[in-house]
Amino acid sequence: MNIVLYLQPFSKTFRQEGVRGLYAGSIPAVLANVGESAVAFLAYGRISIGVQYLTGSKSHQELSLFSQAACGAGSGACASFVLTPTELVKCRLQTQYITGKAAAGVPTTPFAMFMHIATKEGPMQLMKGWTPTLLRETWGYFFFFGGYEFAKKNLMSDPSEISLWKTAVSGGVGGTMCWGLLIH
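A few points on the structure. This is a predicted model, so every value here is computed, not measured. Think of each chain on its own: its residues are numbered from 1, step by step along the sequence as written. Local features in this predicted model are restricted to residues of pLDDT 70 or higher, and side-chain atom pairs are both shown and tallied only at a pLDDT of 80 or more, whereas totals for entire chains, interfaces and linings draw on every residue. Remark: hydrogens and water are excluded; side-chain values derive from all non-hydrogen atoms of the structure.

**Focus: helix H6 (residues 164–183)**
Okay, step 1: For the purposes of this entry, the term helix denotes a DSSP run of H or I that reaches at least four residues, the term strand denotes a run of E that reaches at least two, and both are numbered from the N terminus. Expected helix span is computed as 1.5 Å times (number of residues minus one). Here H6 is 20 residues long and its end C-alpha atoms lie 28 Å apart, about the 28 Å a rise of 1.5 Å per residue gives.
Okay, step 2: Exposure is judged per residue with a 1.4 Å probe applied to protein chains only, and the accessible area is read against the type maximum: over 50% gives exposed, under 20% gives buried, and values in between give partly exposed. Listed as buried for H6 are Lys166, Ser170, Gly174 and Cys178. End-on, the buried residues of H6 take up no more than an arc of 115°, which puts them together on one face. Within H6, the exposed residues directed more than 90 degrees away from the buried face are Leu164, Trp165, Ala168, Thr176 and Ile183.
Okay, step 3: In this analysis, two residues are considered to be in contact whenever any of their non-hydrogen atoms come within 4.5 Å of each other. Those residues of H6 hidden inside the fold are in contact with helix H5 (130–155). By construction, the arc corresponds to the directions joining the helix axis to the C-beta atoms.

Now the structure itself:
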């Protein structure tokens, strides 16, 4: 592995744009991730309660691993509604930047692009690309929460136990399951 190949973009950006260039575009990405996580975890808890009711389980821990992963899939489906518009805006802005084809009057900031799409193309156009996002998020969260719950059950003997390191490891297993299986 040639580390210079990985450092060149970093040093070029830093030389041309300074420290600010290293973080350009991070605010919309952070906001999108906050929204995604908020919806996904809220939905996971609510869907779990519904599945507990349907299966007659008394607690989330009584659900099978598959049922818990299925709750995760449902939460991913919910998160896709938050992610699709933000990813559409991000992709449009990146395409303009990469191709250098930002036409006159075409927005160059995330909020302006969002408003441009909503007003000029119609609000439903903000959901362009929803189907692939739905599929990615549904399967991603299926594996994320499946991996998380699997690791949690194997690391924590008492379901009510809250251990910082075991929770962190479980989250790491979930993330690895999600991206490791989606990428391959």
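**Structural notes on the environment of Lys90**
Okay, step 1: Relative to the helices and strands, Lys90 resides in helix H3 (residues 65–99).
Okay, step 2: Looking at Lys90, the relative accessible area reads 41%, which means it is partly exposed.
Okay, step 3: Residues Lys90 and Ala29, 61 residues apart in the sequence, show an inter-C-alpha distance of 8.3 Å.

**A word on the pattern of salt bridges**
Working definition: two side chains of opposite charge can pair if their charged atoms are close together.
Okay, step 1: In the sections that follow, a salt bridge refers to a side-chain nitrogen of Lys or Arg positioned within 4 Å of a carboxyl oxygen of Asp or Glu. The final tally for this structure, using the stated rule, is four salt bridges.
Okay, step 2: Between Arg136 and Glu87 there is a salt bridge, with its nearest N and O atoms 3.0 Å apart. In this pair, Arg136 is assigned in helix H5 and Glu87 in helix H3, connecting sequence segments 49 residues apart.
Okay, step 3: The partly exposed category is assigned to Glu87, whose relative accessible area is 21%.
Okay, step 4: Here Lys152 and Glu149 are joined by a salt bridge, their closest N and O atoms 3.6 Å apart. On the criterion of helical spacing, the pair formed by Lys152 and Glu149 is a turn pair, its members being three residues apart in helix H5.
Okay, step 5: The class of Lys152 is buried, set by a relative accessible area of 19%.

**Describing the side chain of Gln52**
Okay, step 1: Note on placement: Gln52 falls in helix H2 (residues 26–55).
Okay, step 2: Excluding its chain neighbours within four sequence positions, the residues that come into contact with Gln52 are Ser57, Lys58, Ser59, His60 and Leu63.

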